[in-house]
Amino acid sequence: MSKQHDSAVAFVSGVSEDPTDTGGLTSLTRELARVEEANLAFYEAFTHLDVDRMAGVWSPSPHARCVHPGWELVVGWQEIRQSWSEIFRTIDAIEFELEDVHVEVAGRSAWVNLVAHVRIVTEEGDAFAASVVTTNIFEHFDGQWRMILHQSSNFSEEGDDDEDGGGEDEPDFSN
């Protein structure tokens, strides 16, 4: 399904600079893990094409936002849910490899930046691979980290525009 991150970076406002004060670091470590779990739950819901699981990840807030690659801004959980339903209807299978995952926490907000290499099989049996740069923003809501923004943009990796046909290779998902 997903590969663990290559690196994680964290920032928390109000953490003591005193190295003997481990309370902030313990709390930070716990919150980083919880945000990472919430982020992975998003990709699990996506991999399983499960809108109910997706609902468990997202904030039900009307201020939630989603930008799928090539789409206009989708606003509010009800519209976001509909967008996921439309996407899931067109996909037979999807697989992710996540890399360069960076998790940060600041108070009641958290964000995850990553690169996702995606392999998709459509309902018509067409298969293709893509890479997207993603930012997922979470807010602490009812004791959970809930997504309030998902934004992904397609990008070409270096060498994709080579004259010799570079970019035809799919990501290696065998690891």
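Everything below is about the structure shown above.
Residues numbered from 1 in each chain as written. Predicted model: local features only at pLDDT ≥ 70, side-chain atom pairs only at ≥ 80, totals over all residues. Heavy atoms only, no water.

## Some words on the overall build of the chain
Just so we agree on the cut-off: Helix and strand labels come from DSSP, where a helix needs a run of H or I of at least four residues and a strand needs a run of E of at least two; each type is numbered from the N terminus. For every residue, the accessible area (1.4 Å probe, protein chains only) is compared with the maximum for its type, and the residue is labelled buried under 20%, exposed over 50%, or partly exposed between those bounds. Contacts are assigned to residue pairs that have any heavy atoms within 4.5 Å of one another. For the area figures, the Shrake-Rupley method with a 1.4 Å probe applies, and any residue is considered shielded solely by the protein chains shown.
For the chain, the count of helices and strands is three helices and six strands. Secondary structure of the chain in N-to-C order comes out as α-α-β-β-α-β-β-β-β. Expressed as a percentage of its 175 residues, the buried residues of the chain come to 35%. Long-range contacts, defined as pairs at least 24 residues apart, comprise 56% of the intrachain contacts of the chain with a sequence gap of at least 6. Roughly 9,800 Å² of accessible area belongs to the chain as shown, and the carbon and sulfur atoms make up 47% of that amount.

## Section: the pattern of salt bridges
Worth spelling out the cut-off: Any Lys or Arg side-chain nitrogen located within 4 Å of an Asp or Glu carboxyl oxygen qualifies as a salt bridge.
This structure, assessed with the given rule, holds four salt bridges. Among the salt bridges present, the one from glutamate 31 reaches arginine 34, with a minimum N-O distance of 3.3 Å. Of the two residues, glutamate 31 and arginine 34 both sit in helix 1 (residues 23-47), three residues apart, roughly one turn of that helix. Glutamate 31 gets classed as buried once you look at its relative accessible area, which sits at 15%. Of the residues examined, arginine 34 reaches a relative accessible area of 26% and is grouped as partly exposed.

## As for the nonpolar core
Convention followed: Among buried residues, those of type Ala, Val, Leu, Ile, Met, Phe, Trp, Tyr and Cys that are joined through side-chain atoms within 4.5 Å constitute a nonpolar core.
With 37 residues, the main nonpolar core has Phe42, Phe46, Met54, Trp58 and Trp84 as its most contacted residues. Counting residues per element, the ones that place at least two in this core are helix 1, helix 2 (51-57), helix 3 (77-90), strand 3 (91-106), strand 4 (109-122), strand 5 (127-141) and strand 6 (144-154). The contact partners of tryptophan 58, leaving out residues within four places of it in the chain, are Phe42, Ala64, Arg65, Cys66, Trp77, Ile80, Trp84, Arg146, Met147, Ile148, Leu149 and His150.

## Examining the side chain of glutamate 31
Formally: Here a polar contact means two N or O atoms within 3.5 Å. Within protein one must be a hydrogen donor candidate and the other an acceptor candidate, and residues neighboring in sequence count only if both atoms are side-chain atoms.
A distance of 2.7 Å separates the side chain of glutamate 31 from the side chain of tryptophan 145, its partner in a polar contact. Residues within four places of glutamate 31 in sequence aside, it is in contact with Val105, His140 and Trp145.

## As for the packing of aromatic side chains
What counts is decided by this rule: Any two of the Phe, Tyr and Trp rings considered here, Trp counted by its six-membered ring, make a pair once their centres fall within 6.5 Å; the pair's planes then place it as stacked at under 30 degrees, edge-to-face at over 60, or tilted in between.
Within the structure shown, the criterion is met by nine aromatic pairs. The interplanar angle of 85° and the centroid separation of 4.8 Å between the aromatic rings of phenylalanine 42 and tyrosine 43 together place this pair among those described as edge-to-face. We classify tyrosine 43 as buried; its relative accessible area is 2%. Here the aromatic rings of tyrosine 43 and phenylalanine 96 are separated by 5.0 Å at their centres, their planes lie at 70°, and the arrangement is edge-to-face. One end of the pair, tyrosine 43, is in helix 1; the other, phenylalanine 96, is in strand 3, with 53 residues separating them in the sequence.

## Side note on the environment of aspartate 142
One can find aspartate 142 in the loop between strand 5 and strand 6. As a C-alpha pair, aspartate 142 and serine 59 span 83 residues in sequence and 9.8 Å in three-dimensional space.

## What to know about helix 3
Stated formally: Take the residue count of a helix, subtract one, and multiply by 1.5 Å to get its expected span.
Over its 14 residues, helix 3 extends 20 Å from the first C-alpha to the last, a length consistent with the 20 Å expected when each residue adds 1.5 Å. Along helix 3, the positions that sit buried rather than exposed are Trp77, Ile80, Ser83, Trp84, Ser85, Ile87 and Phe88.

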